[in-house]
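Residue-level structural notes
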Amino acid sequence: MPLLQVDQLVKDYGDVRALHGIDFDVDAGEFVAVIGPSGSGKTTLIRCINRLIEPTEGDIHFDGNAMRTLKGADLRAARARMGMIFQHYNLVTRLSVLENVLHGRLGYKSTMAGIFGFYSDEEKEKAVEVLTLLGLDAFVYRRSDQLSGGQKQRVGIARALVQDPRMILCDEPISSLDPSSSKVIMDYLKKIQTELGITLFVNLHQVDVAKRYADRILGFREGRLVFDGPPADLSGDVIRDIYGTEAGELIIE
Ligand SMILES: Nc1ncnc2c1ncn2[C@@H]1O[C@H](COP(=O)(O)OP(=O)(O)OP(=O)(O)O)[C@@H](O)[C@H]1O
Ligand SMILES: [Mg+2]
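Parameters at a glance
- Residues numbered from 1 in each chain as written.
- Chains lettered and ligands numbered in written order.
- Predicted model: local features only at pLDDT ≥ 70, side-chain atom pairs only at ≥ 80, totals over all residues.
- Heavy atoms only, no water.
- Near = heavy atom within 4 Å.
- Polar contact = N/O pair within 3.5 Å; in protein donor to acceptor, adjacent residues only side chain to side chain.
- Areas by Shrake-Rupley, 256 points an atom, 1.4 Å probe, with all protein chains shown as cover.
- Helix = DSSP H or I, 4+ residues; strand = E, 2+ residues; numbered from the N terminus.
- Nonpolar A, V, L, I, M, F, W, Y, C, P; charged D, E, K, R; others polar.
- Domains from an automatic or database assignment.
- Contact = heavy atoms within 4.5 Å.
- Buried area = accessible area lost by both parts, 1.4 Å probe.
- Salt bridge = Lys/Arg side-chain N within 4 Å of Asp/Glu carboxyl O.
- Pairing = 2+ DSSP bridges.
- Axes fitted to C-alpha atoms, helices over the stretch in contact; angles between N-to-C directions.
- Phe/Tyr/Trp six-rings, centres within 6.5 Å; stacked < 30°, edge-to-face > 60°.
- Buried < 20%, exposed > 50% of the residue type's maximum accessible area, 1.4 Å probe, protein only.
- Lys NZ or Arg CZ within 6 Å of the ring centre and 35° of its normal.

Taken together, Y13, A18, P37, S38, G39, S40, G41, K42, T43, T44, E172 and H205 make up the full set of residues near ligand 1. The side chain of S38 places a nitrogen or oxygen atom 2.5 Å from an oxygen atom of ligand 1. At a separation of 2.9 Å, an oxygen atom of ligand 1 approaches a polar side-chain atom of H205. About the coverage of ligand 1: the protein hides 59% of its 640 Å² of free accessible area. Sort the elements by how many residues they give to the shell around ligand 1 and helix α1 (residues 42–49) lands first, with three residues. Residue classes in the shell around ligand 1 are distributed as three nonpolar, seven polar and two charged.

What follows deals with the domain arrangement of the protein chain. Domain parsing of the protein chain yields domain 1 (1–81 + 165–173 + 195–253) and domain 2 (87–163). With centres defined by C-alpha atoms, the gap from domain 1 to domain 2 works out at 26 Å. Taken together, the contacts link twelve residues of domain 1 with nine residues of domain 2. Considering only the surface of domain 1 that becomes buried against domain 2, R76, A80 and P165 emerge as the three largest contributors, covering 44% of it. Summed over the shared surface of domain 1 and domain 2, the result is zero salt bridges. Summed over the shared surface of domain 1 and domain 2, the number is three residue pairs in polar contact (both at pLDDT 80 or more). Tallying contributions element by element places helix α2 (residues 72–80) first for the side of domain 1 that touches domain 2, with four residues. Within the side of domain 1 that touches domain 2, the residues separate by chemical class into seven nonpolar, no polar and five charged.

In this section: the sheet that holds strand β6 (residues 82–86). A sheet is described by the order of its strands in space; here six strands give the open sequence β6-β7-β8-β3-β9-β10, paired in mixed fashion. The sheet is open, and its two edges are formed by β6 and β10 (224–229), each paired on a single side. For this sheet, the mean inter-axis angle between neighbouring strands, taken without regard to orientation, is 15 degrees. Sheet topology places strand β3 (residues 31–35) next to strand β8 (residues 199–203); four bridges connect them, and they run parallel. When the sheet's bridge partners are listed, A33 is paired in β8 with V202. Across the face of the sheet, helix α6 (residues 149–161) comes into contact with β6 and β7 (167–171) while running at roughly 170 degrees to β6.

Here the focus is the packing of aromatic side chains. Per the counting criterion, the structure on display carries one aromatic pair. Geometrically, the ring pair formed by F24 and F201 is stacked, given 5.8 Å between the ring centres and 10 degrees between the ring planes. In this pair, F24 is assigned in strand β2 (residues 16–26) and F201 in strand β8, connecting sequence segments 177 residues apart. Each of the two residues, F24 as well as F201, counts as buried. In this arrangement the basic side chain of K11 is found over the ring face of Y13, its NZ or CZ atom lying 5.3 Å from the centre.

One non-glycine residue, D63, lies in the positive phi region at around 50 degrees. Within the secondary structure, D63 is located in the loop between β4 (57–62) and β5 (65–66). If you check the backbone angles, E172 has positive phi at about 50 degrees while not being a glycine. You can see E172 is positioned in the loop between β7 and α7 (179–196).

Tallying each qualifying case throughout the model produces eleven salt bridges. For E30, the salt bridge goes to R216, with nearest N and O atoms at 3.1 Å. On the criterion of sequence distance, the pair formed by E30 in the loop between β2 and β3 and R216 in strand β9 (residues 216–221) is long-range, its members being 186 residues apart. Relative accessible area serves as the criterion here: at 11%, R216 is assigned to the buried category. Within the structure, one salt-bridge network assembled from shared partners comprises E30, R216 and D228.

See below:
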């Protein structure tokens, strides 16, 4: 059984149809990159999958759960198994690296325990362990606003990892980073897939990065899935189909 099943997913924002009946499955352990021009529906798709926004029609099954029927604690628990990484990191800047990472555990707590910041020693040890894995052991007590963009994104990855996720959703994880920090982040995401067996589902603007890191690419155009295949099948013609002929000049085949 696939880890994620998306069936006939439709999302309307008022009169605007952002997703037109999307169908695909993702198997556990895959690294999937989602590409497509601005406005093609990539962010909408990711946010529908973890129900940060409500789909208009269709079904999403994740890890045995019918996501659209879940509420309250059940929804929080299912969502905790999907980590999320954002373009602008979404850290609480005045808090330490450790505190930000521990926020990844909130989905497992009662509201009161969350408000008072009660974390077990085991949770703190796990947080330090993932920070070490990401090369941030020297920054555990540093305030998050004193980090570089690449370091902040590694904190974002650590926060997702302490959730003990089966899948991590990433919405343009490297769009705010320079090429060298981007490579560091992509290499960590790949390591998380290959060494921890976590499924990666990553929106990217950089076609070359998608081709290099993903096992499978989904191409969106105007809210429709127009390509689903391995990087080797992503020919210049397919890229022109996804991005329009203007993109042709930028294609390196
Ligand atoms: N909150 C909203 N209200 C109304 N329309 C929206 C909203 N969010 C997105 N849209 C529209 O839905 C469509 C898909 O937007 P979405 O942000 O998912 O695209 P995207 O592929 O992530 O783009 P980008 O690459 O620029 O991030 C666009 O037409 C957009 O204008
Ligand atoms: Mg987007």
